[in-house]
Amino acid sequence: MRPEEECFFVQLYQENFEKLERYAYVHLKNHSLSEEIAQDTFHEALQCLEDLLSHPNPAGWLMEAEKNKIKNFKRTKSNCAQFFLSINTDIGENSVSVSSAAALMEERESYHAAVAGIKRVLSEEEQNLLRWLVFDRRSHKEVAQDLGITVWTSQKRLERIREKLSKLFPGHRGKKYF
């Protein structure tokens, strides 16, 4: 990176990071996730630095990039919930109308088979990581700190979990749920 590029990027970061982090917090209601999204936005900006240098509104570019990241994050979380609901149609007798006891038993068996499959293919550590990131909505940064690993390692482990689950549930292959 040339000195003028570094100066441009540092100034852009200093002027916009807090604003991007606050914007993300308004939409995500989680400080760690907000920080992670803002950092990821600047990581993307660094990768596109040549284009950003000639952009008429670099701060606007950052905001649009962050809006897209927030949208993608929310879509991924929503898809994850749909995935687990699709393998767990038994989400409560009061919330799902079941026309017969046989259908209820079939749904429960399907759910238990899915859970057993997940426990069979994922180690306990992988199950914990999945639960923390997906159900507890913790950020990769928080999980990485707790486990004493890097954020990248946490992200890579989740990627491997996705691969294992896509093999277990081939009907959902190619869809990014979480």
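Residues numbered from 1 in each chain as written. Predicted model: local features only at pLDDT ≥ 70, side-chain atom pairs only at ≥ 80, totals over all residues. Heavy atoms only, no water.

A. Main features of unusual backbone geometry. A positive phi angle, near 55°, is found at Lys29, a position not held by glycine. For Arg137, which is not glycine, the phi torsion reads 55° and is therefore positive. Within the secondary structure, Arg137 sits in the loop between helix H6 (124-135) and helix H7 (140-147). Note on Arg137: relative accessible area 38%, which makes it partly exposed. (Helix = DSSP H or I, 4+ residues; strand = E, 2+ residues; numbered from the N terminus. Buried < 20%, exposed > 50% of the residue type's maximum accessible area, 1.4 Å probe, protein only.)

B. Region of the structure containing the nonpolar core. In this structure, Leu122, Leu130, Ile161 and Leu165 are the most contacted members of the largest nonpolar core, which totals 13 residues. In terms of residue count, H6 provides more of this core than any other element does, 5 residues in total. Among the nonpolar cores identified, the runner-up in size contains 11 residues, and Leu20, Ala45, Leu52 and Leu62 belong to it. (Core = buried A, V, L, I, M, F, W, Y, C linked by side-chain atoms within 4.5 Å.)

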